[in-house]
Amino acid sequence: SLFMIQRLSEAFPLDSRTLTFELVEQLYLVTGGHAGLLDAAFHSKTESSWGKTDLAATLITASGVWNECDSIWSGLDDDEQSVLLTVVNGRDPGGEATHWLEQCELVRRDANGVPQIIELLRLFLMREIAINRPEISLDETHRALIVDSRTVALSEREFLLAQILS
């Protein structure tokens, strides 16, 4: 991965003050060394703000980086996506569940053994989930659930359960 960063920096010359050793480390950390994300980062035309702002927050706004994250996410099956969401939400689904994602280097375990997702993918998922999350509210008067402005009638038991969960 560090070799790839070196090669990309030669192919896409940056101001020598821009690509410091610290910045190379940051670039490696936020991309997880993922080849597609590294390539997208160097094509992002955001290098003028590298080192001045949060690198991951800057890169995730670039369409190529966002699209690469979307491609990674879309390439995972439902079970793998579920495991990634569990990790994003701060829970450890266990080594067996994360094994394949660790092999793909989408998830790494920190020094305490806690699974961590690539930062750019984490930001993508946090924004994607927020974008695609339905608006849900409980209508106490009609004892119904409202999902994206649509009313869903609930039985008494369902309503009580929804009250408890809300």
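These lines cover the structure that appears in this document, whether it is placed above or below. (Residues numbered from 1 in each chain as written. Predicted model: local features only at pLDDT ≥ 70, side-chain atom pairs only at ≥ 80, totals over all residues. Heavy atoms only, no water.)

## Re the packing of helix 6 (residues 78–88) against helix 7 (residues 95–103)
Argument step 1. Close contact between helix 6 and helix 7 brings their axes to 10 Å; oriented N to C, the two are set at 100°. When the axes of helix 6 and helix 7 are compared, the pair comes out roughly perpendicular. The residues of helix 7 that touch helix 6, namely those facing Glu80, Val83, Leu84 and Val87, are Ala97, Thr98, Trp100 and Leu101.
Argument step 2. Tallied by class, the residues present in the contact of helix 6 with helix 7 amount to 6 nonpolar, 1 polar and 1 charged. (Axes fitted to C-alpha atoms, helices over the stretch in contact; angles between N-to-C directions. Helix = DSSP H or I, 4+ residues; strand = E, 2+ residues; numbered from the N terminus. Parallel < 35°, antiparallel > 145°, perpendicular 65-115°, else oblique. Contact = heavy atoms within 4.5 Å. Nonpolar A, V, L, I, M, F, W, Y, C, P; charged D, E, K, R; others polar.)

## A word on the sheet that holds strand 4 (residues 144–147)
Argument step 1. Strand order in the open sheet made by the 3 strands is 3-4-5, with antiparallel pairing throughout. Each of the sheet's edge strands pairs with one partner strand only, and the pair in question is strand 3 (136–139) and strand 5 (150–153). With strand direction ignored, the average angle separating the axes of adjacent strands in the sheet is 30°.
Argument step 2. Helix 9 (residues 156–165) rests against strand 3, strand 4 and strand 5 of the sheet, and its axis sits at about 125° to strand 3. (Pairing = 2+ DSSP bridges.)

## Re the pattern of salt bridges
A side chain of one charge can pair with a side chain of the opposite charge when the charged atoms of the two come close.
Argument step 1. In total, this model carries 5 salt bridges according to the counting rule given.
Argument step 2. A salt bridge links Arg109 to Glu102; its shortest N-O distance comes to 3.2 Å.
Argument step 3. Take Arg109: its relative accessible area is 28%, and that puts it in the partly exposed class.
Argument step 4. Residue classification places Glu102 among the partly exposed positions, given a relative accessible area of 27%.
Argument step 5. Glu105 is the partner of Arg108 in a salt bridge, and the nearest nitrogen-oxygen pair spans 3.6 Å.
Argument step 6. The partly exposed category is assigned to Glu105, whose relative accessible area is 38%. (Salt bridge = Lys/Arg side-chain N within 4 Å of Asp/Glu carboxyl O. Buried < 20%, exposed > 50% of the residue type's maximum accessible area, 1.4 Å probe, protein only.)

## Side note on a nonpolar patch on the surface
Argument step 1. Together, Leu161, Ile164 and Leu165 line one region of the surface with nonpolar side chains, adding up to about 360 Å² of accessible area.
Argument step 2. By the element assignment, Leu161 lies in helix 9. (Patch = residues over 30% accessible without salt bridge, like charges linked within 9 Å, V, L, I, M, F, W, Y side chains within 5 Å. Areas by Shrake-Rupley, 256 points an atom, 1.4 Å probe, with all protein chains shown as cover.)

## Points about the layout of surface pockets
Argument step 1. In this structure, the largest pocket occupies an estimated 180 Å³ of space.
Argument step 2. Every element with two or more residues in the lining of the largest pocket is listed here: helix 6, strand 1 (107–109), strand 2 (115–117) and helix 8 (119–132).
Argument step 3. No other element matches the 3 residues that strand 2 contributes to the lining of the largest pocket.
Argument step 4. For the lining of the largest pocket, the residue count by class is 8 nonpolar, 2 polar and 4 charged. (1 Å grid on protein atoms, 1.4 Å probe; cavity = no way out; pocket = protein on both sides within 12 Å on 5 of 7 lines; lining within 4 Å. Points joined across faces, edges and corners; volume = space filled by probe spheres on them.)

## Thoughts on the environment of Ile60
Argument step 1. When you line up the elements, Ile60 lands in the loop between helix 4 (55–59) and helix 5 (63–74).
Argument step 2. Classification of Ile60 as buried rests on a relative accessible area of 2%.
Argument step 3. Note: C-alpha distance between Ile60 and Arg127 (67 residues apart in sequence) is 9.9 Å.
Argument step 4. Not counting residues within four places of it along the chain, the set of residues in contact with Ile60 comprises Val65, Trp66, Cys69, Leu120, Leu123, Phe124 and Arg127.

## Some words on unusual backbone geometry
Most of the time, phi is negative for any residue but glycine, and the peptide bond is trans.
Argument step 1. Residues other than glycine seldom take positive phi values, yet Glu105 does so here, at roughly 60°.
Argument step 2. Following the sequence through the fold, Glu105 ends up in the loop between helix 7 and strand 1.
Argument step 3. Positive phi, close to 50°, is recorded for Arg143, a residue that is not glycine.
Argument step 4. By the secondary structure assignment, Arg143 is in the loop between strand 3 and strand 4.

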